[in-house]
Structures are given as structure tokens and as C-alpha cells.
Amino acid sequence: MIDLHFAPDVQAAKDAGRAIVALESTIITHGMPYPQNVETARLVEQDIRDGGATPATIAVINGALHIGLTDPQLDALGQAKNVAKLSRADIAACIATGGTGATTVAATMIAAHLAGIHVFATGGIGGVHKGAETTFDISADLHELAQTPVTVVAAGAKAILDLEKTYEVLETLGVPVIAYGQDTLPAFWSSTSPLPAPLRMDSADDIARAHKMRAAMGLPGGQLIANPIPQDAQIPADTLAPIIAQALGEADAQGIAAKAVTPFLLGRIFELTDGASLTANIALVRNNARLSAQIACSLAG
Ligand code: PSU
């Protein structure tokens, strides 16, 4: 069995059977610039504490799988250069060779499950990239949702993706996609999209009950909770569409591929919106943290 390095407060919450919410670290190392990344990570952790749960930010540091980071660890990770972006394919190799890496949605789900944590908050999941019919670029996050029993709270899939194809794949894989409090799927920086939500729930208790029911029925995999960004923090989809198109065009022209695509696009959209995309990203992650704490508390009873 792998040695998990629990932070003291996470270990205490675990021993007492109290609510815990997992958080990923790729959003810190590859999703936001320093110092906003570390500031956001701290705010998100506090949002979870304010909601009555214990946050557990997950990362691999010098070959150790950490479930909960200390403040200096968080700060060091936020400033580190060339940190690996770990998914299902490479997390074991990183740990085995003593490496350091940030966990994506897929890798965080794996670690959370190993640690006995059932709920995880992030910004937006990865999915089917535009042009996937030629590049085959589909995030491993989707298959992870199909096999690892963690409820993931996100503002939907990131709007840089082909959302129709992303939700089509999730349906094929049997992943419940549950919009929180509305009938349409959110689109990350925008609170809504033209896509109808496959499922809708209006309370954290319902989400917790559905999580337990899947386990009781022996259904593998998790749930994706698509939690819309608060209205006053959103960027309208019409405003973003040309900016996303420009960033995608530049990625193509520069031959950006594989794991580098999402960080490149997020970085360019940050520049092209004069930072507005980051402000919205921070708001949506915090909103997801608050809902995650409610779900975790409901699950912990
Ligand atoms: N949410 C954010 N910003 C991010 C991510 C999520 O608000 O950067 C990260 C997650 O770690 C997710 C990854 O797993 O982006 C998706 O990367 P890819 O498209 O390469 O699978």
C-alpha cells in the first residue's frame, strides 16, 4: 500500500469522521499565475473551512503523495517552475522516482479515493478539445470520472473545449452530469450554455444521496456536479467566443499540443481579457468550494 502523507488537520478530520474536501494542485501550478494562484488556493481552503469541512490540497512533493499541504509547501509549489502535470498515466512514475508534480482532476480523484475522501472541488474539468477529430486530444479526466468514485464539483468543462463532444463522451461513459440549480449546463466563465443539463439537483443533500446510491448499487465512477459561476462574476459567452477563437488559432499556429494546450489557452485568455478571465476563474472555484463543503458535510452526516 502506498504511504499517504496526511497533513495533521486532515488526519484529525479523518480520524473523527468529519467532512473533508479534496483540492487539486494543477490549477495552482499550470492554471493561474503567481501570486494569485497561491492567494486563491488559500482563499479556497478557507471557504471550505468556513463551510464546516477540512480542505486537503493534493500534490506529489519529492516522491511523497501529500493529502493536505502546509502553507510553505503551498507557497513553494505556487512559485516552482517546470513542475510536472500529473494524470493517471504518470502519477505512479512520479512518486516512484521521487519527483514533484501537481495533480490534475484525474490524478486528484485517484489520490482522494486512496485517502478516503469522497468530494473534490476544482474550477473546470478537462474534456474533448476542439479539433479532437484530428488530434485525438481528450482529457483523461473523463475516463477517471467513469471509474473513480469521487464527486467532482466544477463549473462544468472549460469553455475552451468542445462542450458538446465532452458531454457526449461523459454520457457514453455513464458519468452522471448534474447541473446545480438550473436546467442548462454552465460553461466555466459563463453561467449558462445552450446545452440542456442531463440531470439537475437543487440541494447538496440530494447530491450526497445520489453519491451514496451509486455506491450502494455497485456503480463505478464518480459524479460531475456542474455548478454555475455566480451571475455577477460571469463573463458572457458572446464576449469570450472571439477571444477563445483567437487563443485556439495561436495555439494551432505555434504547434502547442498535448498537456501544454490547456495552460497555454488559459494564459492567453488571461492576457486577452486583461485579467478578467482570472477574476472569474477565482470566483467560480470559490463557489465550487462552498458547494463541495456542503456536500461533504451532508455525506459525513
Ligand atoms: N480548473 C481550472 N484551471 C485548471 C484546471 C482546472 O480552473 O487549470 C486543470 C485541472 O487540473 C484539469 C486540467 O484536470 O486543467 C485539464 O487539463 P487537460 O485539458 O490537459 O486534461
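From a predicted model like this one, the values you see are computed outputs, not experimental measurements.

Attention shifts here to the UniProt feature "binding site: Mn(2+)" (unreviewed entry) in the protein. Sites flagged by UniProt as "binding site: Mn(2+)" (unreviewed entry) map to Asp-137. When you line up the elements, Asp-137 lands in the loop between helix H7 (132-135) and helix H8 (140-147).

Val-21, Val-152, Leu-224 and Ala-226 are the most contacted members of the largest nonpolar core, which totals 94 residues. Ranked by the residues each element gives to this core, the list is headed by helix H13 (residues 276-300), at 10 residues. Sequence-distant contacts of Ala-226, that is, excluding residues within four places in its chain, are made with Ala-154, Gly-156, Val-177, Ile-178, Ala-179, Tyr-180, Leu-185, Pro-186 and Ala-197.

What follows concerns the packing of helix H10 (residues 204-216) against H13. How two helices sit against one another is set out by the angle between their axes and by the gap between those axes. Put simply, H10 and H13 touch, their axes get as near as 8 Å, and they point 55 degrees apart. With respect to their mutual orientation, H10 and H13 come out oblique. As H10 runs across H13, the sense of the crossing is right-handed. In contact with Ala-204, Asp-205, Ile-207, Ala-208 and His-211 of H10, H13 contributes Leu-291, Gln-294, Ile-295, Ser-298 and Leu-299. Here the contact of H10 with H13 is built from residues that sort into 6 nonpolar, 3 polar and 1 charged.

Looking now at the UniProt feature "active site" (unreviewed entry) in the protein. The sites that carry the UniProt feature "active site" (unreviewed entry) are, in the present numbering, Glu-24 and Lys-158. By secondary structure assignment, the location of Glu-24 is in the loop between strand S2 (20-23) and helix H2 (26-31). By C-beta crowding, Glu-24 is classed as buried, having 28 other C-beta atoms within 10 Å. If sequence neighbours within four positions are ignored, Glu-24 has contacts with Ile-58, Thr-103, Thr-104, Val-105, Thr-108 and Thr-122. Lys-158 sits in the buried class, given 26 other C-beta atoms within 10 Å.

Take the site of the ligand next. As a structural note, the neighbourhood of the ligand is formed by 18 residues, with Thr-26, Gly-31, Gly-123, Gly-126 and Ser-139 the closest of them. At the level of secondary structure, the elements contributing two or more residues to the shell around the ligand comprise H2, helix H12 (261-272) and H13. For the shell around the ligand, the residue count by class is 4 nonpolar, 11 polar and 3 charged.

This next bit is on the pairing of strand S3 (residues 54-61). For S3, the tally of buried residues reaches 8 of 8 residues, placing the bulk of the element in the interior. Note: S3 against strand S4 (residues 64-67), 4 bridges, orientation antiparallel. Bridging from a neighbouring strand, Ala-59 pairs with His-66 of S4. A loop of 2 residues connects S3 with S4, the two strands running antiparallel in sequence, and Asn-62 in this loop sits at a positive phi of about 45 degrees. Direction of pairing for S3 relative to strand S6 (residues 101-103): antiparallel, over a ladder of 2 bridges. Bridge pairing in S6 links Ala-59 to Ala-102.

A few words now on H12. Its 12 residues give H12 an end-to-end C-alpha distance of 16 Å, which sits within 8% of 16 Å, the value for a rise of 1.5 Å per residue. Among all positions in H12, only Val-261, Thr-262, Leu-265, Leu-266, Arg-268, Ile-269 and Phe-270 are buried. The inward-facing, buried residues of H12 contact H2, helix H11 (237-253) and H13. Taken from the residues just after H12, Asp-274 is the one with a positive phi, measuring 55 degrees.

It is worth spelling out the pairing of strand S8 (residues 151-154) at this point. The side-chain alternation of S8 yields two buried faces, one formed by Thr-151 and Val-153 and the other by Val-152 and Ala-154. Of the pairings in the sheet, the one linking strand S7 (residues 119-121) to S8 comprises 3 bridges and is parallel in character. Note that in S8 the partner of Ala-121 across the bridge is Val-153. Where S8 lies against strand S11 (residues 223-226), 4 bridges are found, and the strand directions are parallel. Note on S11: the bridge partner recorded for Ala-154 is Ala-226.

Thresholds, definitions, all that
Residues numbered from 1 in each chain as written. Predicted model: local features only at pLDDT ≥ 70, side-chain atom pairs only at ≥ 80, totals over all residues. UniProt positions renumbered as here; feature names shortened; annotations may be inferred. Helix = DSSP H or I, 4+ residues; strand = E, 2+ residues; numbered from the N terminus. Core = buried A, V, L, I, M, F, W, Y, C linked by C-beta atoms within 7 Å. Buried ≥ 20, exposed ≤ 12 C-beta atoms within 10 Å, placed from the backbone. Contact = placed C-beta atoms within 7 Å. Axes fitted to C-alpha atoms, helices over the stretch in contact; angles between N-to-C directions. Parallel < 35°, antiparallel > 145°, perpendicular 65-115°, else oblique. Left-handed = near helix turned anticlockwise from the far one by under 90°. Nonpolar A, V, L, I, M, F, W, Y, C, P; charged D, E, K, R; others polar. Near = placed C-beta within 6 Å. Pairing = 2+ DSSP bridges. Expected span 1.5 Å × (residues − 1).

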